[in-house]
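# A structural walkthrough
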Amino acid sequence: MRFKFRYAAAIGCMLMALQTWADVRLPKIFGSHMVLQRRKPVPVWGWSDPNEKITIQFNNQTKTTKADKTGKWMVRLDPTEAGGPFALTVAGKKNTVTFDDVLVGEVWICSGQSNMEWVVKSSTNAAQEIQEANYPLIRHFKVPHDLSLSPKDDVLGGEWQPATPETVGNFTAVGYFFARELLKELNNVPIGLLNTSWGGTQSESWTSREAMDSFEEFKPVVATMPKTLEEFASKRLEQLQNQVKSVQGELPGAADVQQWSGADFNDAAWQTLRLPDLFDRKALPGFDGVVWFRREISVPAELAGKEMTLTLGPVFDADETYLNGVKVGTTTQTGQARTYTVPGGTLKPGRNVIAVRVDDQNGTGGFTAKEDQFKLSGNGREISLVGDWKYRIADYNRNPVLVNPNMTGTILYNAMIHPLIPYAIQGAIWYQGESNAGRAYQYRKTFPLMITDWRTRWGQGDFPFLFVQLASFNAANGTSATGSTWGELREAQTMTLALPNTGMAVTSDIGESKDIHPKNKQDVGKRLALSALKTVYGQNRVYSGPVFKAMEVTGNKAVLTFDHVGGGLQSSDKYGYLKGFEVAGADQKFHWAKAEIQGDKVIVSSSEVATPVSVHYGWADDNGEVNLYNKEGLPAVPFRTDTWPGKTEAGRFK
């Protein structure tokens, strides 16, 4: 009897185990305070046990479905008008999930690189903007940074937050100011912002593998792109090994490396890099590993033997720092500013040697100090360390992991876009291009490729895609004379307007020459909103500045006509002078031109060009001097009238 009882009990436990139901769960982008898209079917999806019945209730709608054999399920709520707050309830066999304070309104994807990721608290007039941010109908969801070699079903985390003084500081600034304009002009229709952005990223990382493989120029690259972490690690190790061989041959032995911190070591055969800088951007592109740096300095006799302070600024990742072979400091925290005390008796009169061992395991590697941070100081004196340093690789990272969003294509699409699909949206706003400027000609094709890819995969037709043209910034002092990668990238962005339902906000006039992150994000948001109000919401708006239409040559003058003149052309200069125009003859040599407005035309000429062949406007990396507008205050789109060979024609994604 005892045996039978135990057997029966065991069978009962097994049956109970078989009847245990998994929790119903939804992707992390579903949550309390979220915004669902109005006037469109709204997909709601998630996971449960295979074949489990799921019931969804929302705003007087009840929908039921059954999970498939893998446990995935989906329903589509009927279109509804803006409103709320509502509750969304999803019930399965075991549990019920309820999301409160759900609004229905307009949902926009906010994506791109750092100028989209840039937050309100770092923007112009931040304190006042945060204090006045009482807009509970604006909701924001930040997708955490993540990378994947294959498409993921869910994001790592995140939560929907209403715009309040306590939360808005960490919202995407461009997205928030865009939403604020829409909220005002659409009579308080709720606005949801799905912020999926990452600074410094290339468009190829945001594009699916299938789309990349459909583009002939990408096919050879896609064929070598890793599909698994194991494959990635193998390829990465091979890449690092080859990089070491190409730079310096073989790795040094341990006995050799032990000598590198000393003052007497002969580093004449080492290569040179000007510091402070990141070695993995110029000298050793994409390199991860251990690199030593050495620099000789001359110390006046009166400082010999004195205690001093060595300042190196932030270092990525870890460092060991020596002076004349004496270790003066070590830090393992990546990006932390280094400040080390040089003990008395260490410095010698005349020649001294600083040696720094930098261990960059992943991502950015090197020194990011400002030049005035890079010094040896004390006793009322400063010795700048800015200048040429010797460097040599000691080892490469033998445990590669995915950390760099530009390591390969598709890895941001897989981890930060695919999990959002098919969440119902109105459209997308995009601010990116800086990281693609070196291959701007290819961007003419790859940017439209990415847009079309997203639209195809979302399955919501050619949804609106609005983007920001690159602002003025002295990236590499590019001009018409030397060639401008940023000018060519802006041209590629303008050409992308050939796609249906696209719009572009021009920002040449609100950039900052010395800062790639201009703080004025308010006007960026407003200009994107103007495009949305006209093209998406049907309002009668002038939404674009003047766009070059045609050129006629009369004698020594070029006569330019424009579309989108609005109420007429004007200059922002109080005397009416136009700036930013250049003209060239058949010799292709550009000269600054006199330009004046005559009605809806601009007349351009130069005493040095007898017969104009081409006109450039705002054709430079730093083109902030441009000042042609329409009467509505929207800036003209930079342009060139020629098709002469560009600086980036050979640039290709590798």
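Scroll up to find the structure.
Because the structure is a prediction, the values reported are computed rather than measured.

Between the first and last C-alpha of helix 10 (residues 440-458) there are 27 Å, a value that for 19 residues agrees with the 27 Å anticipated at 1.5 Å per step. Among the 19 residues in helix 10, 14 count as buried, and that is most of the element. In the stretch just after helix 10, G459 is the one whose phi turns positive, near 70°.

Bringing the sheet that holds strand 21 (residues 387-396) into the picture now. Spatial ordering of the open sheet is given by 11-21-12-17-14-15, a layout of six strands whose pairing is antiparallel. Edge positions in the open sheet fall to strand 11 (271-275) and strand 15 (326-331), since each of these has one partner strand only. Looking at each pair of strands side by side, their axes are set apart by 30° on average, direction ignored. Note: strand 11 against strand 21, five bridges, orientation antiparallel. Paired with R274 across the bridge in strand 21 is D388. The sheet strands contacting helix 7 (residues 229-248) are strand 11 and strand 21, and the helix crosses strand 21 at an angle near 135°.

With that settled, consider the pairing of strand 10 (residues 191-197). By the criterion of burial, strand 10 is predominantly enclosed, with seven of the seven residues buried. Every second residue of strand 10 is oriented toward a common face, with I191, L193, N195 and S197 on one face and G192, L194 and T196 on the other, all of them buried. By the bridge criterion, seven bridges tie strand 7 (residues 96-112) to strand 10 in an arrangement that is parallel. Its bridge partner lying in strand 10, S111 is registered against T196. As judged from the five bridges shared by strand 8 (residues 135-142) and strand 10, these two strands associate in the parallel manner. Paired with K142 across the bridge in strand 10 is N195.

What follows concerns the side chain of R294. Among the secondary structure elements, R294 is positioned in strand 12 (residues 289-299). Judged by relative accessible area, which is 2%, R294 ranks as buried. A polar contact is formed between the side chain of R294 and the side chain of D267, at a distance of 2.8 Å. In contact with R294, other than residues within four places in its own chain, are W260, S261, G262, A263, F265, D267, W270, V353, I354, A355, W389 and K390.

All told, the structure shown has 31 salt bridges when counted by the stated rule. Notably, a salt bridge pairs E106 with R38, separated by 2.7 Å at the nearest N-O pair. Of this pair, E106 sits in strand 7 while R38 sits in the loop between strand 1 (35-37) and strand 2 (42-47); the two residues are 68 residues apart in sequence, bridging distant segments of the chain. The partner of R39 in a salt bridge is E81, with the nearest N and O atoms 3.0 Å apart. Note that R39 is positioned in the loop between strand 1 and strand 2 and E81 in the loop between strand 5 (72-77) and strand 6 (83-91), a separation of 42 residues in sequence. One continuous salt-bridge network, built from bridges that share partners, spans R444, E491, R640 and D642.

What counts as what
- Residues numbered from 1 in each chain as written.
- Predicted model: local features only at pLDDT ≥ 70, side-chain atom pairs only at ≥ 80, totals over all residues.
- Heavy atoms only, no water.
- Helix = DSSP H or I, 4+ residues; strand = E, 2+ residues; numbered from the N terminus.
- Expected span 1.5 Å × (residues − 1).
- Buried < 20%, exposed > 50% of the residue type's maximum accessible area, 1.4 Å probe, protein only.
- Pairing = 2+ DSSP bridges.
- Axes fitted to C-alpha atoms, helices over the stretch in contact; angles between N-to-C directions.
- Contact = heavy atoms within 4.5 Å.
- Polar contact = N/O pair within 3.5 Å; in protein donor to acceptor, adjacent residues only side chain to side chain.
- Salt bridge = Lys/Arg side-chain N within 4 Å of Asp/Glu carboxyl O.

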